[in-house]
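What the coordinates show
Below, each chain spelled out in residue letters.
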Amino acid sequence: MAIWCPDWPVVAAAAHLGLSVQLPLAVFERGEVYACSTMARVEGVRRGMRRRDASARCPELTVLERNEASEIRTFEDVLSAIEEISAGVAPVRPGLCALRVPSRFYGGEKEAAAVVAEHLVSAGVWDFRIGIADGIFAAEHAARRAAPQDCWIIAPGGSAAFLAVLPIGVLENAELVTLLRRLGIRSIGDFAALTTRDVLTRFGQVGALLHRLARGLDTRPVVSRRPPLDVNQRVAFTPALETVEPIVFSTRQTAERLVAELAHHGLVCTEVRIEVVTEGGWTGSRVWAHSRWFAASDLIDRIYWQLQGDPAPEPVCELRLLPESVESLADHGEGLWGSALNEHVERGIARLQGMLGPEEVLAPSLQGGRSPRDRPLLSAWGERQPTQRNPQLPWPGAIPPPAPARVFSTPLPSVVLSEDHRPVRVSNRGLVTAAPAFVSIGEDSELIPVDAWAGPWPIDELWWDPAQARRVARFQVTGVDGSAWLLVVENDQWWTEARYD
Amino acid sequence: MSVVLTMIEYMFDYRRVSPAATPSRINELQQRVQRMQGSAISRTLESLPGLSDVIQLRTGEAYAVDSPSLAMAMVAGASQAGEWIGIVGAPDLGLEAAAGFGIDLERTVVVPHPGELWLSVTAGLLDVVSVVIVKPSVPVSAQQAERLKSRLRIKDAALVCWGEWPRSDATLTITESSWLGLGRGHGRLTARRVVVSIRQGGPVRRVSLWLPGIDQQVAERNDTVVPLVVAQAG
């Protein structure tokens, strides 16, 4: 049995934005129509059409961008609705799922389809069609033929005959379909009439597989998904608690239960969402990641930090622990000789984080960038790294090594003077007005005579984005006292970015 | 009788005994005392090949340096040998330079703003790491230094202070420094020649170093050989 929800990308996007599917809507991917609503189709919008053409056909068209994650998430509701009445649902793609027909239980295929349909309607899914056939491929096309909320049944062994009349385009392999059309094969029946051997030698494994589908020999088993574990834990406090310590103390058992429950399934949690709900309905929520996995004491730490860092304005009445990502224990198990060192490090650092706050203990790494200030990447210990610039790319304009030993977190305002004590400037063409002769680093500091200098190395960064565009030029300067500095000039103002100390 | 007298004289003869009491001998005896007291035994941490004859970090000891480059170069060898490094109170320490000296950032913990808690943070970090680079925001009192020192001995770790440290086991200062590779309007910084003076027990030693050299490595400098490229660029 295949259950097909037509135009699922549109349904999902509309549900996401709170629009009605009765409006003319179209979901675009890479500037082309990916799916459209019935109203839009009536107006002449077709799949693969460009945005301008689609808007010309239907001026009141609402344009939506494709969001695959939201499609999958929305389809999850449909899957769980089906799972309530029949185990073993296999999601094929968002908008299409398959299951073995529970006909014996409901007394026939038609009856089973009616039960599923009734249940889906009561769950709030309106537009779906059901097809029943020997294989998934035939069932999907049977569903396409069915009326909304109804089913189309192909008798056992009738798949080949049903498929034969369909156009060759339904195979959904653009390359092969074009080739077959040029060979004069217009329908699935024509394709199925070829001998298996010819197809295999001419079109390879992919062709042979599609040939099997065309002959109605779809033997792909319905691989049912395992329903996701419900391991979320919650603690309710009656009466509501105000101070942090009793909350943390009362959550201890729940945290232990969560870890034990996961361990029972051979899983560990590497990312957890902690939600704090107060009497007045205020909700504080934060995702915490762990570089290894959460033990009960780690969870307690995170709850404590969250309540400390983001205190609830009112007494707390509920606390929820929702594992965001769980992984197999086998991937995280301890080595045969133990991993005592890392565990020891984690525990020590957790203690420091408890002392200073989680954002004060950092793990360093390097990323790409032109300024020495852009290159180090510091992230809170145990947190997932934010998206970083690739350090392997060349980054033209970056200063070659050695890197400066001191990089000032805020650049120091500086003054650079020429021999006759006039400020040195950099012209629009990237030339200095005079050779630097004196430099003073930081406000109101004394002038140091310049021993050697090099530059300007102009950088015109992000010029296409007026908000972030920077036009700067960098200089390396050494003083007669042996100190070396990295200076940058922007709009005639000099700054010291770093010191080679 | 006279023989006995001579023996007794020898016993109190200061100059006869002193040649044996070299610093290494004293260290050995100190270790033996520590071992008898049951506290941890000091061990030598790995150092960069170029620095092994200049200074070798030992656990349980505290060092004071006046240059971040020197601090990073001193701990880089230990980091490469698999030890964990902690950096406390130095938000402007160039981590790219640290990686350049050979510090493995994967095994580095940074606490840039410990504030007034710097002493307890450093003490807590000693549970985790073998070497700490610390830059105290306020002058360190002798009492604080002594407390941390005993902690270093127990936790089998070393401390490198970027700044002053009362009664440090060694104090390293850069007395001369010159950068090579930069001309008047051309070139770029490539290598640095420094003279480091080391006060460690006995008289002050002076060592010439590349920090770093033209190949980005730290090495002892042999003044007779100047790389040709450097001579041209300078």
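Residues numbered from 1 in each chain as written. Chains lettered and ligands numbered in written order. Predicted model: local features only at pLDDT ≥ 70, side-chain atom pairs only at ≥ 80, totals over all residues. Heavy atoms only, no water.

Some remarks on the overall build of chain A
What chain A contains, in helices and strands, is 15 helices and 20 strands. For 501 residues, the compact-globule estimate of 2.2 N^0.38 gives 23 Å, and chain A exceeds it by more than 25% at 33 Å. Based on the C-alpha atoms only, the size of chain A along its principal axes is roughly 95 × 65 × 55 Å. Going through the 501 residues of chain A one by one, you find that 45% of them count as buried. The contacts of chain A with a sequence gap of at least 6 include a subset with a gap of at least 24, amounting to 52%. A total of about 26400 Å² of accessible surface is found on chain A, and carbon and sulfur atoms cover 52% of it. Counting 50 positive and 62 negative side-chain charges, chain A places the centres of these two groups 9 Å from one another. (Helix = DSSP H or I, 4+ residues; strand = E, 2+ residues; numbered from the N terminus. Rg over C-alpha atoms; globule rule 2.2 N^0.38 Å. Buried < 20%, exposed > 50% of the residue type's maximum accessible area, 1.4 Å probe, protein only. Contact = heavy atoms within 4.5 Å. Areas by Shrake-Rupley, 256 points an atom, 1.4 Å probe, with all protein chains shown as cover. Lys, Arg positive; Asp, Glu negative; His and termini not counted. Charge placed at Lys NZ, Arg CZ, Asp CG, Glu CD.)

What about the domain arrangement of chain A?
Structurally, chain A comprises domain 1 (2–153), domain 2 (159–214), domain 3 (233–332) and domain 4 (406–500). Each of domain 1 of chain A and domain 3 of chain A has a C-alpha centre, and the two are 37 Å apart. (Domains from an automatic or database assignment.)

Some words on the side chain of Arg375(A)
Residue position: Arg375(A) is located in the loop between β13 (362–366) and β14 (376–380). Judged by relative accessible area, which is 17%, Arg375(A) ranks as buried.

Thoughts on the packing of helix α12 (residues 244–264) of chain A against helix α13 (residues 296–309) of chain A
Residues and elements named next belong to chain A. One way to put it is that α12 packs onto α13 with a least axis distance of 9 Å and a crossing angle of 145 degrees. As α12 runs across α13, the sense of the crossing is right-handed. Contact residues: α12 offers Val 244, Glu 245, Ile 247, Val 248, Thr 251, Arg 252, Ala 255, Glu 256, Leu 258 and Val 259, while α13 offers Ala 296, Leu 299, Ile 300, Ile 303, Tyr 304, Leu 307 and Gln 308. A per-class count over the contact of α12 with α13 returns 12 nonpolar, two polar and three charged. (Axes fitted to C-alpha atoms, helices over the stretch in contact; angles between N-to-C directions. Left-handed = near helix turned anticlockwise from the far one by under 90°. Nonpolar A, V, L, I, M, F, W, Y, C, P; charged D, E, K, R; others polar.)

Regarding empty space enclosed by the protein
All names here are of chain A. Inspection of the entire model under this criterion finds four cavities of 30 Å³ or more. Within this model, the largest cavity holds a volume of roughly 60 Å³. If you go around the largest cavity, the residues you meet are His 290, Ser 291, Asp 298, Arg 302, Glu 346, Ile 349, Ala 350, Gln 353, Trp 381 and Gly 382. Contributing elements (two or more residues each) for the lining of the largest cavity: α13 and α15 (340–356). (1 Å grid on protein atoms, 1.4 Å probe; cavity = no way out; pocket = protein on both sides within 12 Å on 5 of 7 lines; lining within 4 Å. Points joined across faces, edges and corners; volume = space filled by probe spheres on them.)

Some details on the nonpolar core
Residue and element names in this part refer to chain B. The biggest cluster of nonpolar side chains holds 44 residues, and the ones touching the most others in it are Leu 70, Met 74 and Leu 172. The element best represented in this core is helix α4 (residues 68–80), accounting for eight residues. Setting aside residues up to four positions removed in sequence, Met 74 forms contacts with Leu 51, Ile 55, Leu 57, Tyr 63, Val 65, Val 160 and Leu 172. Within the second largest apolar cluster, 31 residues are counted, among which are Leu 119, Leu 126, Val 128 and Leu 148. (Core = buried A, V, L, I, M, F, W, Y, C linked by side-chain atoms within 4.5 Å.)

Remarks on the sheet that holds strand β7 (residues 129–132) of chain A
Residues and elements named next belong to chain A. Sheet architecture is open: five strands sit in the order β5-β6-β1-β7-β8, paired in mixed fashion. Each edge of the open sheet is held by one strand with a lone partner, namely β5 (89–93) and β8 (151–153). Between one strand and the next, the sheet's axes are offset by a mean angle of 20 degrees, whatever the strand orientation. Bridge count for strand β1 (residues 2–4) against β7 is three bridges, and the pairing is antiparallel. Directly across from Ala 2, in β7, lies its bridge partner Gly 131. (Pairing = 2+ DSSP bridges.)

Description of a nonpolar patch on the surface
Residues and elements named next belong to chain A. On the surface, a nonpolar cluster with roughly 250 Å² of combined accessible area is contributed by Leu 17, Leu 19 and Leu 23. Secondary-structure assignment places Leu 23 in the loop between α1 (8–17) and β2 (25–29). Judged by its relative accessible area of 37%, Leu 23 is partly exposed. (Patch = residues over 30% accessible without salt bridge, like charges linked within 9 Å, V, L, I, M, F, W, Y side chains within 5 Å. Salt bridge = Lys/Arg side-chain N within 4 Å of Asp/Glu carboxyl O.)

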